[in-house]
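Chains, contacts and geometry: an overview
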Amino acid sequence: MSKIAFQDCYIQSLSHCYGCGKNNPEGHQLKSYWLDNYEGSKTIAHFTPKPYHTAIPGFVYGGLLASLIDCHGTGSAAAVVHYKNNLTIGSDPTIRFVTAALNINYLAPTPIDKQLELVGEFSQVKDNKVIVDITLSTNNVICVKGEVVAVKMPATFK
Ligand SMILES: CCCCCCCC(=O)SCCNC(=O)CCNC(=O)[C@H](O)C(C)(C)COP(=O)(O)OP(=O)(O)OC[C@H]1O[C@@H](n2cnc3c(N)ncnc32)[C@H](O)[C@@H]1OP(=O)(O)O
């Protein structure tokens, strides 16, 4: 794993996201990295749910899981476009990605008392659009699969 999370390289003004912004103390503060030995092709993040993330006692609320997949996807998209263009993720001008589409499939109940692992792979990488396929697992069991269509953040967001 690289030492600095993708999201922690975002400029201060783009670090308030509820899912992954380091400047949002109420948020999830998800941290995404390159998977060891897969720089440029696979990404990883971990998250440990809190008891209040409950859907049915013992199991995680699906909206939280979607949110984690969303932010791992947009962070991974920013990382791979920088990687492909030989840029550093914190470099200027800021290239960031927002969610255009999110498709989530819940395959198995997700236990609330385990660490969650998200792994992302890219099915399409263009400078303006990246499609990221993400699995969310606990104890090597895939509980959720998601596809994130991430599009380069337009100027209207600034
Ligand atoms: C910066 C750190 C923050 C982290 C973000 C965390 C994730 C988030 O919560 S982001 C917030 C939620 N998302 C939003 O609010 C986005 C709102 N939507 C928009 O701003 C626009 O519709 C936007 C940017 C997604 C697309 O803009 P648009 O002008 O239509 O894009 P456009 O340039 O035409 O299309 C680019 C590509 O994306 C594709 N695309 C656009 N919208 C979609 C969509 N909804 N579904 C699938 N593909 C799409 C286009 O087909 C095109 O693909 P290609 O290049 O292969 O032809």
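About the criteria used
- Residues numbered from 1 in each chain as written.
- Predicted model: local features only at pLDDT ≥ 70, side-chain atom pairs only at ≥ 80, totals over all residues.
- Heavy atoms only, no water.
- Near = heavy atom within 4 Å.
- Polar contact = N/O pair within 3.5 Å; in protein donor to acceptor, adjacent residues only side chain to side chain.
- Areas by Shrake-Rupley, 256 points an atom, 1.4 Å probe, with all protein chains shown as cover.
- Helix = DSSP H or I, 4+ residues; strand = E, 2+ residues; numbered from the N terminus.
- Disulfide = S-S within 2.5 Å.
- 1 Å grid on protein atoms, 1.4 Å probe; cavity = no way out; pocket = protein on both sides within 12 Å on 5 of 7 lines; lining within 4 Å.
- Points joined across faces, edges and corners; volume = space filled by probe spheres on them.
- Nonpolar A, V, L, I, M, F, W, Y, C, P; charged D, E, K, R; others polar.
- Buried < 20%, exposed > 50% of the residue type's maximum accessible area, 1.4 Å probe, protein only.
- Lys, Arg positive; Asp, Glu negative; His and termini not counted.
- Salt bridge = Lys/Arg side-chain N within 4 Å of Asp/Glu carboxyl O.
- Contact = heavy atoms within 4.5 Å.

- As recorded in an unreviewed UniProt entry, the protein goes by the name Acyl-coenzyme A thioesterase THEM4, listed as coming from Pseudoalteromonas espejiana.

1. A closer look at the site of the ligand
- The ligand sits among 18 residues. The nearest are Thr99, Ala100, Lys126, Asn128 and Lys129.
- Here Thr99 contributes a backbone N or O atom positioned 3.0 Å from a nitrogen atom of the ligand.
- In this structure, Lys126 approaches the ligand through a side-chain N or O atom, which is 2.7 Å from an oxygen atom.
- Considered on its own, the ligand offers 1,100 Å² of accessible surface; in the complex 53% of this is hidden by protein.
- At the level of elements, helix H1 (62–84), strand E3 (97–106) and strand E6 (141–152) are the ones that each hand at least two residues to the shell around the ligand.
- Counting residues per element, the shell around the ligand draws most heavily on E3, which supplies 5 residues.

2. Comments concerning the state of the cysteines
- Under the defined criterion, the tally for this structure stands at 0 disulfides.
- In this model Cys17 remains outside any disulfide bridge; the closest cysteine sulfur is found in Cys71, 3.6 Å from its own.

3. Brief notes about the layout of surface pockets
- Approximately 310 Å³ is the volume found for the largest pocket.
- Looking at the lining of the largest pocket, the elements that each hand over two or more residues are H1 and E3.
- Per-class residue counts for the lining of the largest pocket are 9 nonpolar, 3 polar and 2 charged.
- Around the second largest pocket, the lining comprises 14 residues; the ones closest to its centre are Tyr18, His28, Phe47, His53 and Leu64.
- Considering each element in turn, the lining of the second largest pocket owes the most residues, 3 residues, to H1.
- Residues that form the lining of the second largest pocket fall into these classes: 6 nonpolar, 6 polar and 2 charged.

4. Here we look at the side chain of Asp70
- Locating Asp70 in the fold gives a position in helix H1.
- Of the side chains with opposite charge, Arg96 comes closest to the buried, unpaired Asp70, at an N-O distance of 13 Å.
- Beyond its immediate stretch of four places on either side in the chain, Asp70 contacts Thr99, Leu102 and Val148.

5. Focus: the side chain of Ser32
- Looking at where Ser32 falls in the secondary structure, it is placed in strand E1 (residues 32–34).
- Judged by its relative accessible area of 0%, Ser32 is buried.
- With residues up to four places along the chain from it excluded, the contact list for Ser32 reads Ala5, Phe6, Gln7, Ile44, Ala45, Cys71 and His72.

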